[in-house]
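Coordinate inspection notes
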Amino acid sequence: MTSLLPGDPADTVGGVATPRALCVLAPNPSPMTLDGTNTWLLSEPDSDLAVVIDPGPLDEGHLRRVVQAAEQQGKRVALTLLTHGHHDHAEGAARFAELTGTRVRALDPAHRLGDEGLHGGQRIEVGGLEIRVIGTPGHTADSLTFHLPADGAVLTGDTVLGRGTTMVAHPDGRLGDYLDSLRRLHTMASDHGVRTVLPGHGPVLADALGAVDYYLAHRASRLAQVETAVEAGCRTAEQVVARVYADVDRSLWPAAELSVRAQLSYLEDHGLI
Ligand SMILES: [Zn+2]
């Protein structure tokens with residue numbers, strides 16, 4: 001949501017990303033959603049069953065394109081999963097479930113359709129495709145990451161984006177949780193063969209370890225800036241935003257303010273301010 005990753009090319013979004021993952025881009029671009037929401041269609045190459053991650057906004061044309069993308073590959077959508085409950089990922093889920101006759105599984109019961117939940121540590125298998133569910137709270141309390149071991153890839157929703165950095169949606173999202181989640185992803189990249197990030201917005205990242213390193217460094221630097229701003233006399237979240245996020249487009253300041261509130265709460269909890 002803030003600065004661009006150094007050296008980022010003007011990557012394209014949408015289409016085949018890995019042998020088991022295809023992206024259908026939703027038509028909802030904005031400063032917050034970058035090119036739009038990435039709806040992911042996952043399938044084992046020789047299977048006729050597919051899993052959809054994040055149907056996206058309630059846009060009939062988009063939802064039908066996702067169904068068509070599956071059909072063009074000779075596949076049928078068998079299950080729908082949500083990375084988290086934000087509207088730009090989940091709003092179309094009920095209609096998509098109607099179109100495909102699938103259940104929707106999510107961590108937050110409010111976003112489920114059917115009686116099956118979803119939480120970190122679960123292993124899902126559809127048509128030979130293995131998906132491991134990793135709890136990655138922080139952007140929101142209900143944020144999950146899906147690990148595709150066969151492709152060395154993770155679907156990170158809004159926890160790691162394809163460009164810039166993300167927000168911690170205070171008070172639901174908490175910075176301490178978010179840092180723990182980034183460290184979890186770091187270990188997966190350094191020790192468990194994860195190379196590719198398939199994000200909820202923006203282009204695919206081929207260097208998962210580099211991306212997570214950048215996120216950790218960025219969070220540490222923002223946190224130090226917030227601490228300095230408080231020491232310099234900033235008393236409200238608005239004042240901190242105006243000082244620390246001066247380099248960020250003003251349309252993103254409301255989101256930045258939530259991240260600042262999350263950072264202030266983290267600093268208070270740790271006795272640092
Ligand atoms: Zn989100």
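Above: the structure in question.
Let us look at the structure shown here. (Residues numbered from 1 in each chain as written. Predicted model: local features only at pLDDT ≥ 70, side-chain atom pairs only at ≥ 80, totals over all residues. Heavy atoms only, no water.)

1. Overview of helix H3 (residues 93–100)
In plain terms, the rule: Between buried and exposed lies partly exposed: a residue is buried under 20% and exposed over 50% of the maximum accessible area for its type, with that area taken using a 1.4 Å probe on protein chains only. Secondary structure is summarised from DSSP: a helix means a run of H or I of at least four residues, a strand means a run of E of at least two, and numbering begins at the N terminus for each. Comment: arc refers to directions from the helix axis out to C-beta atoms. Here, two residues are considered to be in contact whenever any of their heavy atoms come within 4.5 Å of each other.
When we look at burial in H3, the residues that qualify are Ala93, Phe96, Ala97 and Thr100. With its buried residues spanning 100° around the axis, H3 presents them on a single face. The inward-facing, buried residues of H3 abut strand S4 (49–53), helix H1 (60–72), strand S5 (76–81), helix H2 (87–90) and strand S6 (104–105). Looking one or two residues beyond H3, the residue adopting positive phi is Gly101, at roughly 65°.

2. Here we look at the environment of Arg195
Structurally, Arg195 can be placed in the loop between helix H4 (175–191) and strand S11 (196–199). Between the alpha carbons of Arg195 and Arg163 there is a distance of 16 Å; along the sequence they are 32 residues apart. Other than its neighbours up to four places away in sequence, Arg195 contacts Asp151, Gly152, Leu205, Ala206, Asp207 and Ala208.

3. Section: the nonpolar core
Put simply, the rule reads: Think of a nonpolar core as a cluster: buried Ala, Val, Leu, Ile, Met, Phe, Trp, Tyr and Cys residues, connected wherever their side-chain atoms sit within 4.5 Å.
In this structure, Val160, Leu175, Tyr215, Val240, Tyr245 and Val260 are the most contacted members of the largest nonpolar core, which totals 40 residues. Elements that contribute at least two residues to this core include exactly H4, helix H5 (208–231), helix H6 (237–244) and helix H7 (253–269). In this structure, Val51, Leu79, Val133 and Ala153 belong to the second largest nonpolar core, which totals 21 residues.

4. Some words on the coordination of the zinc ion
The criterion, for reference: Each metal's donors are the N, O and S atoms found within 2.8 Å of it, except that Na, K and Ca use a 3.2 Å limit; water is left out, so coordination can look incomplete. Here the metal geometry follows the donor angles, with tetrahedral for four donors whose angles all fall between 85 and 135 degrees, square planar for four and octahedral for six when opposite donors are more than 155 degrees apart and every other angle is between 65 and 115, and irregular for all the rest.
Coordination of the zinc ion by the protein comes from His84 (NE2), His86 (ND1), His139 (NE2) and Asp158 (OD), over a distance range of 2.2 Å. Taken together, the four donor atoms coordinating the zinc ion and their angles of 93 to 157° define a geometry best described as irregular. Read in sequence order, the donor residues for the zinc ion give the motif H-x1-H-x52-H-x18-D. Of this pair, His139 sits in the loop between strand S8 (129–135) and strand S9 (144–148) while Asp158 sits in the loop between strand S10 (153–157) and H4, and the two are 19 residues apart along the sequence.

5. A short note on the pairing of S9
This is how the line gets drawn: Pairing between two strands requires that DSSP report at least two bridges joining them.
Within S9, five of the five residues are buried, which leaves the element mostly enclosed by the surrounding structure. Side chains of S9 alternate between two faces, with Leu144, Phe146 and Leu148 and Thr145 and His147 buried alike. Note: S8 against S9, four bridges, orientation antiparallel. Note that in S9 the partner of Arg132 across the bridge is His147. The hairpin formed by S9 and S10 contains four residues between the paired strands, and Gly152 there has a positive phi angle of roughly 60°.

6. Here's the deal with the sheet that holds S4
Condition: Axis angles are defined between N-to-C directions and span 0 to 180 degrees, where every axis is a line fitted to C-alpha atoms and, for a helix, only to the segment in contact.
Read from one edge of the open sheet, six strands run S1-S2-S3-S4-S5-S6, paired in mixed fashion. Of all the strands in the sheet, just strand S1 (15–18) and S6 have a single pairing partner and so form its edges. By the bridge criterion, three bridges tie S1 to strand S2 (residues 21–25) in an arrangement that is antiparallel. Bridge assignment links Val16 to a residue of S2, and that residue is Leu22. Set on the sheet, H1 makes contact with S2, strand S3 (38–42), S4 and S5; between it and S2 the angle comes to about 155°. Those strands touched by H3 are S4, S5 and S6, and its axis lies near 155° from that of S5.

7. Concerning the side chain of Thr100
Test applied: Here a polar contact means two N or O atoms within 3.5 Å. Within protein one must be a hydrogen donor candidate and the other an acceptor candidate, and residues neighboring in sequence count only if both atoms are side-chain atoms.
Along the polypeptide, Thr100 turns up in helix H3. In this structure the side chain of Thr100 is engaged in a polar contact, spanning 2.7 Å, whose partner is the backbone oxygen of Phe96. Within the structure, the side chain of Thr100 is placed 2.8 Å from the side chain of Thr102, a separation counted as a polar contact. Not counting chain neighbours up to four residues away, the residues in contact with Thr100 comprise Val67 and Val77.

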